[in-house]
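Residue-level listing of the chains:
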Amino acid sequence: MESVIGDKRLKAQCMCGSVRFSAVPVGREATACHCKMCQRWSAGPFFALPCGESVVIEDEVDLSFYRSSQWGERGFCSNCGSSLFWKLHGRKDYNVSLLAFDDLGGVRFTTEYFIDGKPDAYEFANETSKLTGEQVFALFSQGQDH
Ligand SMILES: [Zn+2]
Ligand SMILES: [Zn+2]
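Student: What is the right way to read the environment of D103 from this model?
Tutor: Residue placement: D103 occurs in the loop between β9 (94-97) and β10 (108-113). Note: C-alpha distance between D103 and K11 (92 residues apart in sequence) is 7.8 Å.

Written as structure tokens, this is what we have:
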């Protein structure tokens, strides 16, 4: 079963199914963020798939947003608590929780953000490019979101 990502609309939902949405990923490359906010929010590193402005929410009765910083906000299900997406406040560039999708198709895990925030207790075996918090902020200031 091979599903093509990059031009195909994929379905996703929270754990309880109250929040359902779909999105077309920008590419096939997923990221993980080890910053402290993502750790606390996702009970682990936050695995994300950039989906740009393609997110279409089908049922948003239980969708809530938490303003986690001056620039960022996080969408979650207020019924079951699932973490669903991170985006810049006031913009529609969605970084969707990779594991909220029904089917990951050919996605590869390629980049780790805030590697300096990762606890020593675990380490991924994937070959990834690892960026420190400082390097991530440098990317942001060039207009690239995570
Ligand atoms: Zn839910
Ligand atoms: Zn983070």
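Student: Just checking my understanding: could you explain the pairing of β9 for this structure?
Tutor: Remark: a regular strand shows side chains that alternate across the two faces of the sheet. As paired elements, strand β4 (residues 46-52) and β9 share four bridges and run antiparallel to each other. Its bridge partner being in β9, G52 is matched across the sheet by Y94. With two bridges joining them, strand β8 (residues 83-88) and β9 adopt antiparallel strand pairing. Its bridge partner being in β9, F85 is matched across the sheet by V96.

Student: I'm lost on the sheet that holds strand β2 (residues 20-23) in this one. Help?
Tutor: Within a sheet, neighbouring strands are paired by backbone hydrogen bonds and run either parallel or antiparallel to one another. Strand order in the open sheet formed by three strands is β1-β2-β5, with antiparallel pairing between adjacent strands. Either end of the sheet is taken by a strand with one partner, and the two such strands are β1 (10-13) and β5 (56-59). Each strand of the sheet is rotated relative to its neighbour by a mean of 25°, with strand direction disregarded. Note that β1 and β2 share four bridges and pair antiparallel. Opposite A12, over in β2, you have F21 as the bridge partner.

Student: Sorry, what's going on with unusual backbone geometry here?
Tutor: Among all residues save glycine, negative phi is the norm, and among peptide bonds the norm is trans. Phi is positive for A43, which is not a glycine, with a value near 55°. Mapping A43 onto the fold places it in the loop between α1 (36-42) and β4. Taking the C-beta count within 10 Å as the criterion, A43 has 10 such neighbours and is therefore assigned exposed. Backbone geometry places F114, a non-glycine residue, at a positive phi of 55°. Among the structural elements, F114 can be located in the loop between β10 and β11 (129-130). Residue class for F114 comes out buried when judged on the 25 C-beta atoms lying within 10 Å of it.

Student: In this structure, what is going on with the sheet that holds β9? I would like to understand it.
Tutor: Read from one edge to the other, the open sheet built from eight strands follows the order β6-β7-β8-β9-β4-β3-β10-β11, with strand pairing classed as mixed. Lying at the two open borders of the sheet, with one neighbouring strand each, are β6 (63-67) and β11.

Student: Mind showing me how you'd approach the nonpolar core here?
Tutor: For soluble globular proteins, nonpolar side chains are generally found buried alongside one another. Residues A12, A23, C33, F46, A48, L84 and V96 are the most contacted members of the largest nonpolar core, which totals 32 residues. Listing elements by their share of this core, those giving two or more residues are β1, β2, β3 (29-33), β4, β7 (72-77), β8 and β9. At five residues, β4 tops the list of elements feeding residues into this core. What V96 contacts, discounting residues up to four positions off in sequence, is A12, A23, A48, L49, C51, V55 and F85.

Student: Help me understand the pairing of β3, please; the structure alone is not making it clear to me.
Tutor: Among the five residues of β3, four are classified as buried, and the element is accordingly described as predominantly covered. Of the pairings in the sheet, the one linking β3 to β10 comprises five bridges and is parallel in character. The residue of β10 that forms the bridge with A32 is E112. Two elements, β3 and β4, share three bridges in a ladder whose sense is antiparallel.

So, how was this worked out
- Residues numbered from 1 in each chain as written.
- Chains lettered and ligands numbered in written order.
- Predicted model: local features only at pLDDT ≥ 70, side-chain atom pairs only at ≥ 80, totals over all residues.
- Helix = DSSP H or I, 4+ residues; strand = E, 2+ residues; numbered from the N terminus.
- Pairing = 2+ DSSP bridges.
- Axes fitted to C-alpha atoms, helices over the stretch in contact; angles between N-to-C directions.
- Buried ≥ 20, exposed ≤ 12 C-beta atoms within 10 Å, placed from the backbone.
- Core = buried A, V, L, I, M, F, W, Y, C linked by C-beta atoms within 7 Å.
- Contact = placed C-beta atoms within 7 Å.

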